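Residue-level structure breakdown
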Amino acid sequence: MKTIDAIIFDLGGVLIDWNPEYVYLDVFNGNREKMQWFFDNICTNDWNENQDAGYPMAKATEERIALFPEWESEIKMFYGCWEDMLGDAISETVEILDKLIKSNNYKVVALTNWSAETFPIALKKFDFLHWFEGIIVSGEEKTRKPFDTIYHLTLNRFDIKAEHSIFIDDNLRNIEAANNLGINGIHFKSPKQLIKQLKTYNINL
């Protein structure tokens, strides 16, 4: 069995609940079909991820409004109401993080796709973000998952060997990219499932 000495956590969807539905479900009066159309066609995931890679939010908003002027108010809300999309910590995963850090057996860091403009809000809200040995924030590095560059950056900055590390992310695309570089990936679905998966690497909590 491989010896694991480093664990890399994603943040959103693993340790932090972030969901634009918290804002837009009200905007669309509970109509999920209309809301989903908006996410699929106007403020898309690809568009948001561009800001996660360091593109200025104000500029991105202006450009989107130029493309879809009839949706101006709704587009402005995406970043104007961003803090309202930020939910609570996923407490059971935070407990797992706490146990891993307190065991002193692992280097524990984070790798997140997150805009550099909004990440300070999360740092103020969630104390556990200060527990990590370090955090790679995509917006600060001007690149993002699933591009190889950000994984290499994480391994090099924290002196981590790919084959001796585990990367936990709720996005399968990001896990597959890590696997291609020799990093052991766990596709996060729930805290209970994470505990079971960690056991397969002889990590017992």
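Below, the structure is looked at part by part. (Residues numbered from 1 in each chain as written. Predicted model: local features only at pLDDT ≥ 70, side-chain atom pairs only at ≥ 80, totals over all residues. Heavy atoms only, no water.)

1. Remarks on the sheet that holds strand S5 (residues 135-137)
Note the threshold: Strands pair, by our definition, only if DSSP identifies at least two bridges between them. The helix and strand labels rest on DSSP assignments: H or I over at least four residues marks a helix, E over at least two residues marks a strand, and numbering proceeds from the N terminus. The angle between two axes is taken between their N-to-C directions and runs from 0 to 180 degrees, where each axis is a line fitted to C-alpha atoms and a helix contributes only its stretch in contact.
Taken in spatial order, the five strands of this open sheet run S5-S4-S1-S6-S7, and their pairing is parallel. Two strands bound the open sheet, and with one partner strand each, they are S5 and strand S7 (184-187). Each strand axis lies, on average, 20° off the axis of its neighbour in the sheet, ignoring direction. Looking at chain direction, strand S1 (residues 6-9) and strand S4 (residues 107-112) are connected through four bridges and run parallel. Considered in S4, the bridge of Ile-8 is made with Val-109.

2. Here we look at the pattern of salt bridges
The line we're drawing: One speaks of a salt bridge when a side-chain nitrogen belonging to Lys or Arg is within 4 Å of a carboxyl oxygen belonging to Asp or Glu. Between buried and exposed lies partly exposed: a residue is buried under 20% and exposed over 50% of the maximum accessible area for its type, with that area taken using a 1.4 Å probe on protein chains only.
Using the criterion set out here, one finds eight salt bridges in the structure. Between Lys-145 and Asp-10 there is a salt bridge; the shortest N-O distance is 2.9 Å. Placement of the pair is Lys-145 in the loop between helix H9 (138-141) and helix H10 (148-157) and Asp-10 in the loop between S1 and strand S2 (16-18), with a sequence separation of 135 residues. This pair shows no difference in class: Lys-145 is buried, exactly as Asp-10 is. Here Glu-21 makes a salt bridge to Arg-32, at a shortest N to O gap of 2.8 Å. Of this pair, Glu-21 sits in helix H1 (residues 21-27) while Arg-32 sits in helix H2 (residues 32-41); the two residues are eleven residues apart in sequence, bridging distant segments of the chain. The partly exposed category is assigned to Glu-21, whose relative accessible area is 24%.

3. Focus: the nonpolar core
Just so we agree on the cut-off: Joining through side-chain atoms within 4.5 Å is the link that ties buried Ala, Val, Leu, Ile, Met, Phe, Trp, Tyr and Cys residues into a set, and such a set is a nonpolar core. We call two residues in contact when some of their heavy atoms are within 4.5 Å.
Phe-9, Leu-11, Leu-15, Leu-129 and Phe-132 are the most contacted members of the largest nonpolar core, which totals 50 residues. Ignoring any residue separated from it by four or fewer positions in sequence, one finds Phe-132 in contact with Phe-9, Leu-11, Leu-15, Leu-97, Val-108, Val-109 and Ala-110. In this structure, Ala-6, Ile-150, Phe-158 and Ala-178 belong to the second largest nonpolar core, which totals 16 residues.

4. A word on the packing of aromatic side chains
Aromatic rings in a pair are described by how distant their centres are and how their planes are angled relative to each other. Counted only if it meets this: Aromatic pairing here means that ring centres of Phe, Tyr or Trp (its six-membered ring) are within 6.5 Å. Orientation follows from the plane angle: under 30 degrees is stacked, over 60 is edge-to-face, and everything else is tilted.
Using the criterion set out here, one finds 19 aromatic pairs in the structure. Each ring, one from Tyr-151 and one from Phe-167, has its centre 5.8 Å from the other, and the planes form 85°; the classification is edge-to-face. With Tyr-151 in helix H10 and Phe-167 in strand S6 (residues 165-169), this pair connects stretches of sequence that are 16 residues apart. No difference in accessibility class separates Tyr-151 from Phe-167, as the two residues are buried. By way of ring pairs, the aromatic residues Trp-18, Tyr-24, Phe-28, Trp-37, Phe-38, Phe-39, Trp-47, Trp-71, Phe-78 and Tyr-79 are connected into one cluster.

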